[in-house]
Amino acid sequence: MESIKLNYHSPIESEENNCHFGTDGKFVFYERNNIPLKNAHPKKMRCWRNFAYDDERVFLRNKPLRGVSPVGFMILNYSFVNTSSHVITENGCVKVNNDSVIQTLDNGMWYGSSELSAHGYIKIDNTIWYHAHWNDGLTKLTSVNAKHFISLQDGVLGMDDKKVYAFGKIVAGASVKDFRKIIDSIYCGYFISNGKLFFENETIREASIDMIHIPDEVLNAQSCIRLLVCDNRYYSREVEVSYEIFEEWLNKYKGIANKQQTD
């Protein structure tokens, strides 16, 4: 099928080519499977990423979102969209009212992955929600003090006045009282709490901050930090590895840093 891009939600999306719908002038297609959207008129539809909408409906990929109004369609960040009836994501919706208070808590991006993807926290009235790009979808945080909850802006970690959360779930064994990221960076998922070293939602081992070192090659890459040395042992994410494997990953980080310098 020879097609052109569907009209974008705004000029910004047009510049970034941030839309996955096309049209042959008669039908609107979701470009990743070329299946036409039912009763969709090309001149009436607008799109943003995997969403398309007209005056009556909102589509996620090829399927209309039942009960979701397109009125007031507004992009909140990389993960969340707001309409007059719902806050919507690619993996779920939350019904809202006209007087609902909606506050994004980060920019909706996960920096701990090799590619940026849609992950983030949002506050809707007195509840906190987490969106993950994968199948876990949209999670309502449990046992959370919404008044004190903050996102750490990395797309994974958040905390209230007592508990630490990763991917929207409580991190067992971690607490806010002595929480400390290994380095203050959105690319870093390593942290210390209660005398233990964690990677995102996984416990690695007992440790203190003075036992830990992140190689300069990893820091210089300005990318997801997934290598760490603790007490002369080598870790990739939360797993202890041999020095040979560690060195292979270290060379990949060197390559990333060198490419950034030449670009």
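Predicted, not measured: the structure shown is a model, and the values here were computed from it.

Colleague: Looking at this structure, I do not really get helix α3 (residues 243-262). What am I missing?
Modeller: An α-helical segment advances 3.6 residues per turn. Residues three or four places apart therefore align on the same side. Compared with an ideal rise of 1.5 Å per residue, which puts 20 residues at 28 Å, α3 spans 28 Å between its outermost C-alpha atoms and is within 8% of the ideal. Every buried residue belonging to α3 is among F246, L250, Y253 and A257, and all of these are buried. Take α3 and look down its axis: the buried residues cluster within an arc of 60°, on one side only. In this structure, α3 carries E244, E248, K259 and T262 as exposed residues pointing more than 90 degrees from its buried face. Residues of α3 that are buried sit in contact with α2 (216-220), β28 (227-230), β29 (233-236) and β30 (239-241).

Colleague: What should I look at first to understand empty space enclosed by the protein in this one?
Modeller: Gaps left between atoms are located by rolling a probe of water-molecule size over the structure's atoms. Scanning the entire structure with this criterion turns up 1 cavity of 30 Å³ or more. Taken as a whole, the largest cavity spans an internal volume of roughly 40 Å³. What lines the largest cavity is W110, G112, D154, V156, I186, Y187, C188, G189 and E200. Residue composition of the lining of the largest cavity, by class: 5 nonpolar, 2 polar and 2 charged.

Colleague: Teacher, can you tell me more about the sheet that holds strand β6 (residues 51-53) here?
Modeller: Working definition: the strands of a sheet are paired by backbone hydrogen bonds and lie parallel or antiparallel to each other. Across the sheet, 4 strands lie side by side as β5-β6-β7-β8; this open sheet has antiparallel pairing. The open sheet has two free edges, formed respectively by β5 (46-48) and β8 (63-64), since each of these has just one partner strand. Pairing of strand β7 (residues 58-60) with β8, which is carried by 2 bridges, proceeds in the antiparallel orientation. When the bridges of β8 are listed, F59 appears paired with P64.

Colleague: Is there a simple way to explain the environment of E31 in this structure?
Modeller: Tracing the backbone shows E31 in the loop between β3 (28-30) and β4 (35-36). Among the residues examined, E31 registers a relative accessible area of 35% and is labelled partly exposed. Distance in space between the C-alpha atoms of E31 and H148 is 42 Å, their sequence separation being 117 residues.

Colleague: Can you help me understand the pairing of strand β21 (residues 163-166) in this one?
Modeller: Note on strand geometry: in a regular strand, side chains alternate between the two faces of the sheet. Looking at chain direction, strand β20 (residues 157-159) and β21 are connected through 3 bridges and run antiparallel. Counted as the bridge partner of G158 is Y165 from β21. Two successive antiparallel strands, β20 and β21, enclose a turn made up of 3 residues. Two elements, β21 and strand β22 (residues 169-175), share 3 bridges in a ladder whose sense is antiparallel. From the neighbouring strand, A166 faces β22, where its bridge partner is K169. Turn length for the β21-β22 hairpin, with the two strands adjacent in sequence and antiparallel, is 2 residues, and the turn residue F167 shows positive phi of about 55°.

Colleague: Would you take a moment to explain the pairing of strand β24 (residues 190-193) for this structure?
Modeller: Side-chain alternation along β24 places Y190 and I192 on one buried face and F191 and S193 on a second face that is also buried. Bridge count between strand β23 (residues 180-181) and β24: 2 bridges; the pairing is antiparallel. Within β24, the residue paired with R180 across the bridge is I192. The loop that links β24 with its antiparallel partner strand β25 (residues 196-199) comprises 2 residues; one of these, N194, has a positive phi angle of about 55°.

Colleague: Explain the packing of aromatic side chains here, please?
Modeller: A ring pair, where both rings are aromatic, is described by two values, the distance of the centres and the angle of the planes. Overall, the coordinates contain 15 aromatic pairs when judged by the stated rule. Relative to F167, the ring of W110 lies with its centre 5.5 Å away and its plane at 90°, an arrangement referred to as edge-to-face. Here W110, found in strand β14 (residues 109-110), pairs with F167, found in the loop between β21 and β22; they are 57 residues apart in sequence, far enough to count as distant. On the basis of relative accessible area, F167 is assigned to the buried category, the value being 12%. Here F179 and F191 contribute two aromatic rings whose centre-to-centre distance is 4.9 Å and whose plane-to-plane angle is 35°, an arrangement assigned as tilted. Here F179 is found in the loop between β22 and β23, whereas its partner F191 is found in strand β24, with 12 residues between them in sequence. Each member of the pair, F179 as well as F191, carries the same accessibility label: buried. What links up through ring pairs into an aromatic cluster is the set W110, Y121, Y130, F149, Y165 and F167.

Conventions we followed
Residues numbered from 1 in each chain as written. Predicted model: local features only at pLDDT ≥ 70, side-chain atom pairs only at ≥ 80, totals over all residues. Heavy atoms only, no water. Helix = DSSP H or I, 4+ residues; strand = E, 2+ residues; numbered from the N terminus. Expected span 1.5 Å × (residues − 1). Buried < 20%, exposed > 50% of the residue type's maximum accessible area, 1.4 Å probe, protein only. Arc of directions from axis to C-beta. Contact = heavy atoms within 4.5 Å. 1 Å grid on protein atoms, 1.4 Å probe; cavity = no way out; pocket = protein on both sides within 12 Å on 5 of 7 lines; lining within 4 Å. Points joined across faces, edges and corners; volume = space filled by probe spheres on them. Nonpolar A, V, L, I, M, F, W, Y, C, P; charged D, E, K, R; others polar. Pairing = 2+ DSSP bridges. Phe/Tyr/Trp six-rings, centres within 6.5 Å; stacked < 30°, edge-to-face > 60°.

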